[in-house]
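As a plain string of letters, each chain reads:
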Amino acid sequence: MLETSLSNGQIKPSASGYAPVNGIKVYYEVYGEGRPLILLHGAFMTINTNWGQLIPELAKNRKVIAIELQGHGHTAYSDRELSHATLAKDVEGVMDYLKIDSADVAGYSFGGAVAYKFAIQSPKRLRNLVIISATYKSSGWLPVVNNAFKGMKPEFFTNTPMKAAYDAVAPDKTKWTKFLEQMIARAKEPFDFGDANISKITAPVLIISGDNDGLDKIELIKTYQLLGGAVAADMGAMPKSQLAIVPSQSHVTLMMQTTTILNYLDNFLK
């Protein structure tokens, strides 16, 4: 999905830098102290445009590690294959570099798909998983969304907040078009991590979705069922995973509901 720039409310990180992983240097920022929480942004976004309003609150009682994925923000464009599997491996590489054995992981949209892949590839490194407006397969989006992916062109991003955010921090602004072409090509490729792999995720999962965010809600319920949810808990145990549908929210506006998202995260990541 296309994401717009969110409000700028970010505090200064206690540490930041580049982790050399898998042939590239991945930018990260660290905030606060406590149990690690890794944040993965949406497509075409930066740490600040996606998480700027949430980080100050999240960092009050946990160690927040925000990562900028290949080609995004401070992390330079690379012609390396851009795949969910590769990006998920990058996340594990940053954890190795920062000497983090395991962490909670939260991802929005494109970052949520990477988070799903991380859960599949690196289960021992994951404590809890938060998926915000994301899916692990193309059919998890409504057809109109997949059709929009097929019709994306680089010129659609001219004079947008995403371009301004890129220009503000990118190490090489001349790579903007190549970055867009790479991301658009990826968006047009169908993907499916497999129902069987999702059902094997043992970590508790919190799924947050807007009621009108472009996700196919029938498929979303099936995902929740794969994770052990959508049961009659009065007749048995409450599942460890959770599903939250936020009313009157689109894909973009959902992440602007700072208080709502924060409450869900704080209750889940206890």
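Trainee: Looking at this structure, I do not really get the side chain of His41. What am I missing?
Mentor: Relative to the helices and strands, His41 resides in the loop between strand 3 (36-40) and helix 1 (47-51). On the basis of relative accessible area, His41 is assigned to the buried category, the value being 0%. A polar contact is formed between the side chain of His41 and the backbone nitrogen of Leu69, at a distance of 3.0 Å. When neighbours within four sequence positions are excluded, His41 is seen to be in contact with Thr46, Asn50, Trp51, Ile67, Glu68, Leu69, His72, Tyr108, Phe110 and Gly111.

Trainee: Sorry, what's going on with unusual backbone geometry here?
Mentor: Working note: non-glycine residues mostly have negative phi, and peptide bonds are mostly trans. Even without being glycine, Phe44 reaches a positive phi, approximately 70°. Here Phe44 lies in the loop between strand 3 and helix 1. The class for Phe44 is buried, based on a relative accessible area of 6%. Phi angles above zero are rare outside glycine, and Lys99 is one such case at about 60°. Mapped onto the fold, Lys99 is located in the loop between helix 3 (84-97) and strand 5 (103-108). Residue classification places Lys99 among the exposed residues on the basis of a relative accessible area of 72%.

Trainee: Explain the packing of helix 3 against helix 4 (residues 110-121) here, please?
Mentor: To characterise two packed helices, one gives the angle between the axes of the helices and the distance between these axes. Between helix 3 and helix 4, the shortest axis-to-axis distance is 8 Å and the interhelical angle comes to 70°. In this view, helix 3 runs roughly perpendicular relative to helix 4, as classed from their interaxial angle. For the pair helix 3 and helix 4, contact is made by His84, Ala85, Leu87, Ala88, Lys89, Val91, Glu92 and Met95 and by Phe110, Ala113, Val114, Lys117, Phe118 and Gln121, respectively. Grouping the amino acids of the contact of helix 3 with helix 4 by side-chain chemistry returns 9 nonpolar, 2 polar and 3 charged.

Trainee: Got a minute to help me understand the nonpolar core in this structure?
Mentor: Looking at soluble globular proteins, one finds that nonpolar side chains tend to be buried together. Counting 57 residues, the largest nonpolar core has Ile38, Leu40, Ile67, Tyr116 and Leu129 as its most contacted members. Judged by nonpolar contacts, the second largest core, of 28 residues, contains Tyr31, Leu206, Ile208 and Leu269.

Calculation notes
Residues numbered from 1 in each chain as written. Predicted model: local features only at pLDDT ≥ 70, side-chain atom pairs only at ≥ 80, totals over all residues. Heavy atoms only, no water. Helix = DSSP H or I, 4+ residues; strand = E, 2+ residues; numbered from the N terminus. Buried < 20%, exposed > 50% of the residue type's maximum accessible area, 1.4 Å probe, protein only. Polar contact = N/O pair within 3.5 Å; in protein donor to acceptor, adjacent residues only side chain to side chain. Contact = heavy atoms within 4.5 Å. Axes fitted to C-alpha atoms, helices over the stretch in contact; angles between N-to-C directions. Parallel < 35°, antiparallel > 145°, perpendicular 65-115°, else oblique. Nonpolar A, V, L, I, M, F, W, Y, C, P; charged D, E, K, R; others polar. Core = buried A, V, L, I, M, F, W, Y, C linked by side-chain atoms within 4.5 Å.

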